[in-house]
Amino acid sequence: MLVLERVSAFVREHVWPVETVLDAGDRAELARIGELARSAGLWALPLPREFGGGGLGLTEYFSLAEQEGSSDHGPAALGSACLLDVRMFRRFGRPAVLELLKPLVAGEIGGSYAMTEPGVAGSDPAAARSTAVRTNDGWLLNGRKWFTSGAGNASYVTVLASGSLFVTTDFRVVREIPVLGAAGQFEIALDDVLVPHDHLLGDVGDGLRIAGTRLALGRTLRCLRWLGMAERAFDLMCRRANERQVRGSALADRQLVQQHVFESLLAIRSARALTHQAAELVAAEEDARTEIGLAKVAAARTLHQVCDAATQVFGAEGLGPDTPLPMLARIGRAARILDGADEMHVSDTARRVLRTRAS
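What comes next concerns the included structure. Within every chain, residues take consecutive numbers counted from 1 along the sequence as written. Thresholds applied to this predicted model are a pLDDT of at least 70 for local features of residues and 80 or more for the giving and counting of side-chain atom pairs; totals over whole chains, interfaces and linings are not thresholded and use all residues. Think of the side-chain values as coming from all heavy atoms in the structure, minus any hydrogens and water.

We now examine the packing of aromatic side chains. Stacked, tilted and edge-to-face are the three classes assigned to paired rings of Phe, Tyr and Trp, where Trp is represented by its six-membered ring and a pair needs centres within 6.5 Å; plane angles under 30 degrees give stacked, over 60 edge-to-face, the rest tilted. Taken as a whole, this structure holds three aromatic pairs when the rule is applied. Relative to Y156, the ring of F89 lies with its centre 5.5 Å away and its plane at 55°, an arrangement referred to as tilted. With F89 in helix α6 (residues 83-92) and Y156 in strand β4 (residues 156-161), this pair connects stretches of sequence that are 67 residues apart. With respect to class, F89 is no different from Y156; both count as buried. Seen in terms of ring centroids, W139 and F166 are 5.4 Å apart; in terms of plane orientation they differ by 55°. Their pairing is tilted. A residue pair is termed long-range when its members are at least 10 positions apart, and W139 in strand β3 (residues 138-149) and F166 in strand β5 (residues 164-168) qualify at 27 residues. The exposure class assigned to W139 is buried, which follows from its relative accessible area of 7%. For every residue, the accessible area obtained with a 1.4 Å probe (protein chains only) is divided by the maximum for its type, and the residue is called buried under 20%, exposed over 50%, and partly exposed between those limits. Using a relative accessible area of 0% as the deciding quantity, one classes F166 as buried. Placement of a charge over a ring requires the Lys NZ or Arg CZ to be within 6 Å of the ring centre, with the centre-to-atom vector within 35 degrees of the ring normal. Looking at R38, its charged tip hangs above the ring of W43, at a distance of 3.9 Å from the centre. Numbering of helices and strands starts at the N terminus; helices are DSSP runs of H or I of at least 4 residues and strands are runs of E of at least 2.

Below, the structure is given as structure tokens:
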């Protein structure tokens, strides 16, 4: 069986059935599935072999990301959720930070990435108020961050402060912030946290530049995973339309249901084409800002649209716990804000295109 098929089957068989448990933050269940992934030879496929990963390149991994991402918990369950940190640390980290890589790839520790702050627009990281003051012993960090994924169980957090990125194990969890009912997001505080000099990533003032390289890959992966979820919702809708009988005929025979199917398929295939175009440029380390902006908005809208259509075809059952549609719809709504609100991508992409077309 091809790796693509094995990943798809693994997520369907081992992750989908326990999503509600994972949504509640059950770390033991996540660890159990991780052991199954290791036994199946599917653990950490896109991570470097030298640290215990599968060694797949980005192009190879992109072909799997939709299947893995058909569940919001797929990347964590299969050990690839730390890909962005691993690549960032390898490129910009000093030896003290590089020591985190083996236990990180092995799943023995986990990390978190903290940029967004209360009271500051997430689309403007340059406006972040967290501060880093140089001392003889390192850097003294102060500030607050929120919507920091996984901070409740993180061994370290990467923090943007005063235009630089720092890795620290010293932070305080203020509270958990449920997102439309789901666990996993946190507010954290940095209260006179001393970070050694060798825990600075890159050079002083490099934080936004490093964050930009991370965002390009991160947004591309998000798009691929959202497409995997949209395809899952689409399959549910089609199955429901074929199986549900109303007044002697299947829902699939009704023109309004056929329109939902057509519009959903059109959106998925359009968004997939845009996302794959962006992914090719990202894998080649070329400028993909325009393509990523198009893909991000298209994929987020598609997930939201397809989940809504599928819920409409299911009727009241699509609102309850017997299908994954409420969970997928929640992710679809959040997708239009995550990784930059759609409005930001629309404006930035349009301005960039207009500049290139100016006579």
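Salt bridge criterion: a side-chain nitrogen from Lys or Arg within 4 Å of a carboxyl oxygen from Asp or Glu. Applying the stated rule across the entire model yields 21 salt bridges. The partner of E19 in a salt bridge is R232, with the nearest N and O atoms 2.8 Å apart. Of this pair, E19 sits in helix α2 (residues 19-23) while R232 is found in helix α9 (residues 207-243), placing the two residues 213 residues apart along the sequence. Its relative accessible area of 4% is what places E19 among the buried residues. As a salt-bridge pair, R38 and E35 come within 3.2 Å of each other at their nearest N and O atoms. Remark: E35 and R38 occur in helix α3 (residues 27-39); sequence separation between them is three residues, near one turn of the helix. Its relative accessible area of 31% is what places R38 among the partly exposed residues. What emerges from the salt-bridge pattern is a single network uniting E66, E231 and R272.

Read from one edge to the other, the open sheet built from four strands follows the order β2-β3-β7-β6, with strand pairing classed as antiparallel. The open sheet has two edge strands with one neighbour each: β2 (131-135) and β6 (172-176). Neighbour to neighbour, the strand axes of the sheet diverge by 15° on average, direction disregarded. Strand pairing requires that DSSP identify at least two bridges connecting the strands. Every angle, taken between N-to-C directions, lies between 0 and 180 degrees, and every axis is a line fitted to C-alpha atoms, over only the stretch in contact when it is a helix.

By secondary structure assignment, the location of D206 is in the loop between β8 (200-201) and α9. Look past the residues within four positions of D206 in its chain and what remains in contact with it is G163 and S164. Here, two residues are considered to be in contact whenever any of their heavy atoms come within 4.5 Å of each other.

Turning next to the sheet that holds β8. Read across the open sheet, the four strands follow the order β1-β4-β5-β8; overall the sheet is mixed. Either end of the sheet is taken by a strand with one partner, and the two such strands are β1 (111-114) and β8. Here α9 sits on the sheet in contact with β1, β4, β5 and β8, set at roughly 75° to β5.

On to the nonpolar core. Counting 79 residues, the largest nonpolar core has F62, M88, F89, L201, L217 and L221 as the members making the most contacts within it. Among the elements that make up this core, the one with the highest residue count is α9 (14 residues). Ignoring sequence-local partners within four residues, the contact set of L217 consists of L58, F62, L83, L84, R87 and V282. Ranked by size, the runner-up nonpolar core spans 17 residues in total, among them L141, V157, I188 and V193. Side-chain atoms within 4.5 Å link the members of a nonpolar core, which is a set of buried Ala, Val, Leu, Ile, Met, Phe, Trp, Tyr and Cys residues.

Running from amino to carboxyl end, helix α10 (residues 255-283) crosses helix α11 (residues 289-314) at an angle of 155°, the nearest separation of the two axes being 8 Å. In terms of orientation, α10 lies roughly antiparallel with respect to α11. Considering the relative orientation of α10 and α11, their crossing is left-handed. Under this grouping Gly is polar, as are all residues other than the nonpolar Ala, Val, Leu, Ile, Met, Phe, Trp, Tyr, Cys and Pro and the charged Asp, Glu, Lys and Arg. Tallied by class, residues from the contact of α10 with α11 come to 16 nonpolar, seven polar and two charged. Any angle that falls under 35 degrees is termed roughly parallel, while one over 145 is termed roughly antiparallel, one within 65 to 115 roughly perpendicular, and all others oblique. By definition, turning the near helix anticlockwise from the far helix through less than a right angle yields a left-handed crossing, and turning it clockwise yields a right-handed one.

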